[in-house]
Amino acid sequence: MQIPIDTYRLPNGLFVTLSEDHTAPIVAVNLWYHVGSANERAGRTGFAHLFEHMLFQGSEDVGSNEHFEIIQRAGGQLNGSTWLERTNYFETVPSHQLEVVLWLEANRMGKLLPAMTQQKLDTQRDVVKNERRWSMDNQPYGTWWEKLPALCFPPGHPFHHSLIGSMEDLDAASLDDVRSFFEIFYRPENAVLTVTGDFEPGQVRRWIEKHFAPIPRGQGKPPMPDPAMPDVFGSWKREVVVDNVMLPRLFLAFLSPVYGSDQFYPAGVCAAILGMKKGSRLYKTLVRERQVAAEAIAFTYNLTEGSDVLVVDVTGRPDVSSEQLEQEVAREVDDLFANGVTDDEVARAVTLIQAEYITALQSASERADRLSMFATYFGEPSLINTQVDRYAAVTATEVNGFIRERLGENNRASLLYVPSEAKAREARTSKEMFEVRE
């Protein structure tokens with residue numbers, strides 16, 4: 001499967017990726033800004049996520065929330081998201097609405113500041129604070145998004161602090177702070193614009209030139225603090241959180257090779273062997289056979305700077321203590337460390353990864369997002385066409401080499417959630433009632 005790709009750069013630095021596909025009468029527009037929580041400075045965290053909200057609050061020619069209204073009236077879908085290393089905005093619309101989307105994205109890139117007011121900042125600051133309360137502070141296990149990076153990366157590291165930001169930093173953000181952050185990072189030379197789907201290339205080029213070329217480039221962004229990390233933690237790091245939850249849950253993290261490197265692909269295959277779908281080692285052993293876990297998965301963060309992180313995420317059953325859960329997971333990782341993986345396990349994992357990847361690329365929106373990602377991180381959107389082969393080339397020898405180097409006790413960070421006593425009693429009672437009904 002080869003995805004057609006055409007790329008060029010406007011004089012103001014905007015990187016453009018086009019991928020023509022007339023299978024369906026739709027187009028996907030995807031805009032990545034190379035800014036995330038890693039670019040925030042101490043005392044001003046949460047800005048990247050705050051801007052995910054602010055950029056939907058209108059620009060010089062677009063009213064507050066009108067971006068949503070225009071796209072939805074056109075029969076389209078849209079959203080945005082923030083991560084440690086990037087922020088993206090995306091729309092999928094019927095083909096004849098393409099210029100409208102390009103105009104909307106260009107208007108907020110080039111004309112957001114005249115419409116930015118203290119009232120909008122205060123409103124969206126409250127929205128983000130409520131989102132933090134709902135998704136993290138008052139959500140079972142919700143604080144893992146904040147606690148696990150803080151456990152894995154030292155203070156001062158760009159990945160250490162919370163993606164969503166602290167309440168104190170959000171409260172301290174001034175309108176001048178927000179304006180300055182926008183002027184530095186939300187500029188054309190720090191962005192990738194991708195269009196995929198049913199369009200005429202000459203026409204879309206003219207529209208992009210018309211709407212984006214007049215936007216001036218910025219002054220350049222400051223470098224992040226040095227993201228370098230050692231290959232391993234050096235010792236087993238551990239944090240225990242007593243929380244208002246009913247079941248124990250363990251996040252076990254390992255420093256891992258950065259996304260896109262040659263060493264990343266064996267790590268990705270290892271994660272799939274450990275915890276991708278119900279045929280994985282963790283699910284078969286902990287959920288089905290020993291019945292100590294309710295869920296078990298493994299994944300990588302896919303970070304491109306300093307170090308990536310491979311995470312094992314296992315939720316225990318009501319009759320299993322937090323200590324037992326941690327011991328059972330450690331035993332499974334120890335077995336993997338001692339005995340390695342087989343050729344058959346690698347072949348299965350590679351097949352699963354490839355199938356998931358190819359299935360995702362059938363979506364115009366997902367295709368656009370992956371093209372933007374490879375262009376943003378590596379300057380090469382054509383890497384989208386190499387991933388299947390890169391995984392296919394991974395051998396059991398390479399995966400076992402990764403395991404020996406990275407899954408030992410000197411490279412483990414445990415974040416263990418322990419139910420409060422009241423919740424533990426509630427969980428035991430619920431289990432007993434369920435068993436009686438059976």
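That block above? That's the structure.
Parameters at a glance
Residues numbered from 1 in each chain as written. Predicted model: local features only at pLDDT ≥ 70, side-chain atom pairs only at ≥ 80, totals over all residues. Heavy atoms only, no water. Buried < 20%, exposed > 50% of the residue type's maximum accessible area, 1.4 Å probe, protein only. Helix = DSSP H or I, 4+ residues; strand = E, 2+ residues; numbered from the N terminus. Contact = heavy atoms within 4.5 Å. Pairing = 2+ DSSP bridges. Salt bridge = Lys/Arg side-chain N within 4 Å of Asp/Glu carboxyl O. Axes fitted to C-alpha atoms, helices over the stretch in contact; angles between N-to-C directions. Left-handed = near helix turned anticlockwise from the far one by under 90°. Nonpolar A, V, L, I, M, F, W, Y, C, P; charged D, E, K, R; others polar.

Further remarks concern helix α15 (residues 396–406). Every α-helix winds through 3.6 residues per turn, so residues three or four apart in the chain are directed the same way. Of the residues making up α15, those classed as buried are Ala396, Val399, Asn400, Gly401, Phe402, Ile403 and Arg406. As for α15, its buried residues are in contact with β8 (249–256), α9 (264–275), β10 (308–316), α11 (322–339) and α12 (343–360).

Let us now look at the environment of phenylalanine 56. In this fold, phenylalanine 56 is placed in the loop between α1 (47–54) and α2 (66–73). In this structure, the C-alpha to C-alpha distance between phenylalanine 56 and glycine 80, residues 24 residues apart in sequence, is 9.1 Å. Those residues in contact with phenylalanine 56 that lie beyond four places of it in its chain are Asn65, His67, Phe68, Leu78, Asn79, Gly80, Tyr89 and Arg108.

On a regular strand, each side chain points to the face opposite its neighbour's, so the side chains alternate between the two faces of the sheet. A large share of strand β6 (residues 191–197) lies buried, amounting to seven of its seven residues. Across six bridges, the pairing between strand β2 (residues 15–20) and β6 is parallel. When the sheet's bridge partners are listed, threonine 17 is paired in β6 with threonine 194.

The next thing to look at is the pattern of salt bridges. Applying the stated rule across the entire model yields 25 salt bridges. One salt bridge connects arginine 44 with aspartate 177, and the closest N-O pair in it is separated by 2.8 Å. Pair noted here: arginine 44 is in the loop between β3 (26–33) and α1 and aspartate 177 is in helix α7 (residues 175–185), with a separation of 133 residues, a long-range link. Classification of arginine 44 by relative accessible area gives partly exposed; the value is 22%.

Quick look at the packing of α1 against helix α4 (residues 118–137) now. Packing of α1 against α4 brings their axes to within 10 Å, and their N-to-C directions diverge by 115°. The two elements α1 and α4 cross, and the hand of that crossing is right-handed. Residues His49, Leu50, His53 and Met54 of α1 form the contact with α4, whose participating residues are Lys120, Leu121, Gln124, Arg125, Val127, Val128 and Glu131. Here the contact of α1 with α4 is composed, by residue class, of five nonpolar, three polar and three charged.

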